[in-house]
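# What the coordinates show
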Amino acid sequence: MKQRKTVRDSEAGADGIIEGRNAVMEALRAGSPIDKILIARGETDATLGHIASTARDRGIVVVEADRKKLDYMSATHAHQGVIAVAAVREYASVEDILQAARDKNEPPLIVVCDELSDPHNLGAVIRTAECAGAHGVIIPKRRSAGLTAVVAKTSAGAVSHLPVARVPNLPSLLKELKREGIWVFGTAADGGTFLYDADLKGPAAIVIGSEGTGMGRLVSECCDFQVSIPMRGKLNSLNASAAAAIFLYEAVRQRIG
């Protein structure tokens, strides 16, 4: 345990960035929580290959990135073609989230984020979900912000209390939740179900779409209900974290009513 803390504290910067081949490899060996690893596009040497294969064996996302992006992220300017982004905590499993509901003898209330790329949005959603008594948040492995230092800060510490799971495929995840008896409610501006007509008292998963395009087609098709929030102004959409807050607290209102 002491070795893990030493690696994490000494190699990861305040923003959770771990740079350089030796530093990244040591973090992997020590079992430090890592959100993803970026490797310079076109680099094919054995050391970087070993880092990539080790990371994938641990279920860590590995992506190719332009060297310019690595240069921009680097504080040392000696990243050697690889940067790891540390996670502030280990990811939970979907079963952990379902068990949290069972332990409280409550119908599951889960937030599913469909490719929220802005870490401030994800952090705000996690904070609201924890305050509303949700049992967990689920995000996709790719094209999503992860449990980075920025997300942790924006969540105001909620990431330490609320399980966050990461899955490779959201449509498959939603089908799994439905088999568990959980109703899936998707947020959609043109949804056929008005928010205040939706029954959120029972087992519920609330799907929040991405900042730019909303829910993806396959995710949308897996929802039991497409739910709309009343919009009385000139704009027709809300920030993702604001939409999540409105949905979650409607669920709270119904569950304590």
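Description of the structure in this document.

The rules behind the values
Residues numbered from 1 in each chain as written. Predicted model: local features only at pLDDT ≥ 70, side-chain atom pairs only at ≥ 80, totals over all residues. Heavy atoms only, no water. Helix = DSSP H or I, 4+ residues; strand = E, 2+ residues; numbered from the N terminus. Rg over C-alpha atoms; globule rule 2.2 N^0.38 Å. Buried < 20%, exposed > 50% of the residue type's maximum accessible area, 1.4 Å probe, protein only. Areas by Shrake-Rupley, 256 points an atom, 1.4 Å probe, with all protein chains shown as cover. Polar contact = N/O pair within 3.5 Å; in protein donor to acceptor, adjacent residues only side chain to side chain. Contact = heavy atoms within 4.5 Å. Pairing = 2+ DSSP bridges. Axes fitted to C-alpha atoms, helices over the stretch in contact; angles between N-to-C directions. Right-handed = clockwise from strand over helix to strand, strands pointing away. Parallel < 35°, antiparallel > 145°, perpendicular 65-115°, else oblique. Left-handed = near helix turned anticlockwise from the far one by under 90°. Nonpolar A, V, L, I, M, F, W, Y, C, P; charged D, E, K, R; others polar.

## Details of the overall build of the protein chain
Assigned secondary structure in the protein chain consists of 10 helices and 11 strands. Its C-alpha atoms give the protein chain a radius of gyration of 19 Å, near enough to 18 Å, the size a compact globule of 257 residues would have. When the backbone C-alpha atoms are referred to their principal axes, the protein chain occupies close to 55 × 40 × 30 Å. Looking at the protein chain as a whole, 49% of its 257 residues qualify as buried. Approximately 12900 Å² of the protein chain is accessible, and the part contributed by carbon and sulfur atoms is 50%.

## Notes on the side chain of S155
On the secondary structure map, S155 appears in the loop between α7 (149-154) and β7 (164-167). Here the side chain of S155 touches A152 through a polar contact of 2.8 Å, landing on its backbone oxygen. Contact partners of S155, with chain neighbours within four places excluded, come to G123, I126 and R127.

## Some remarks on the sheet that holds strand β5 (residues 109-113)
Strand order in the open sheet made by the 7 strands is β7-β6-β5-β10-β8-β11-β9, with parallel pairing throughout. Each having just a single partner strand, β7 and β9 (193-194) make up the two edges of the open sheet. Where helix α5 (residues 94-103) meets the sheet, it contacts β5, β6 (136-140) and β7, and its direction lies at approximately 160° from that of β6. Seen against the sheet, helix α6 (residues 119-131) touches β5, β6 and β7 and runs at an angle of roughly 175° to β5.

## Let's talk about the pairing of β5
Note on strand geometry: in a regular strand, side chains alternate between the two faces of the sheet. When you tally the buried positions in β5, you get 5 out of 5 residues, the bulk of the element. With burial as the criterion, each face of β5 is covered, one bearing L109, V111 and C113 and the other bearing I110 and V112. In this sheet, strand β10 (residues 204-208) lies alongside β5 in parallel orientation, the contact comprising 5 bridges. Directly across from C113, in β10, lies its bridge partner I208. Bridging between β5 and β6 involves 3 bridges; their strand directions are parallel. Considered in β6, the bridge of V111 is made with V137. Between β5 and its parallel partner β6, the chain crosses via α6, and the hand of that crossover is right-handed.

## Quick word on the pairing of strand β4 (residues 82-86)
Across the 5 residues of β4, 5 count as buried, placing the element largely inside the fold. Neither face of β4 is left uncovered, since the one carrying V82, A84 and A86 and the one carrying I83 and V85 both have all their residues buried. Summarising the sheet, strand β1 (residues 17-19) and β4 pair through 3 bridges and their orientation is antiparallel. Considered in β4, the bridge of E19 is made with I83.

## Things to note about the environment of L200
Within the fold, L200 resides in the loop between β9 and β10. Placed 19 residues apart in sequence, L200 and V219 show a C-alpha to C-alpha distance of 19 Å. The contacts of L200, once residues within four sequence positions are left out, are F185, L195, F247, E250, A251, Q254 and R255.

## A short note on the sheet that holds strand β2 (residues 34-40)
Ordered by their spatial adjacency, 4 strands build an open sheet running β1-β4-β2-β3, and the pairing between neighbours is mixed. On the outer flanks of this sheet lie β1 and β3 (61-65), each paired with one strand and no other. Each adjacent strand pair in this sheet contributes to an overall mean axis angle of 25°, direction not counted. Most of the contacts of helix α2 (residues 21-30) go to β1, to which it runs at about 120°, and overall it touches β1, β2 and β4. Strands in contact with helix α3 (residues 46-57) are β2, β3 and β4; relative to β2, the strand with the most contacts, it is inclined by about 155°.

## A few points about the packing of α2 against α3
Direction vectors running N to C along α2 and α3 enclose 25°, while the axes themselves pass 11 Å from each other. By the criterion of interaxial angle, the relationship of α2 to α3 is roughly parallel. Judged by the sense of rotation from one axis to the other, the crossing of α2 with α3 is left-handed. Here R21, V24, M25 and L28 of α2 lie close against α3, whose contacting residues are T47, L48, H50, I51, T54 and A55. Of the residues assigned to the contact of α2 with α3, the class counts are 6 nonpolar, 3 polar and 1 charged.

## A short note on unusual backbone geometry
At H77, a residue that is not glycine, the phi angle is positive and equals roughly 60°. Non-glycine residue E115 carries a positive phi angle of around 60°. Relative to the helices and strands, E115 is located in the loop between β5 and α6.

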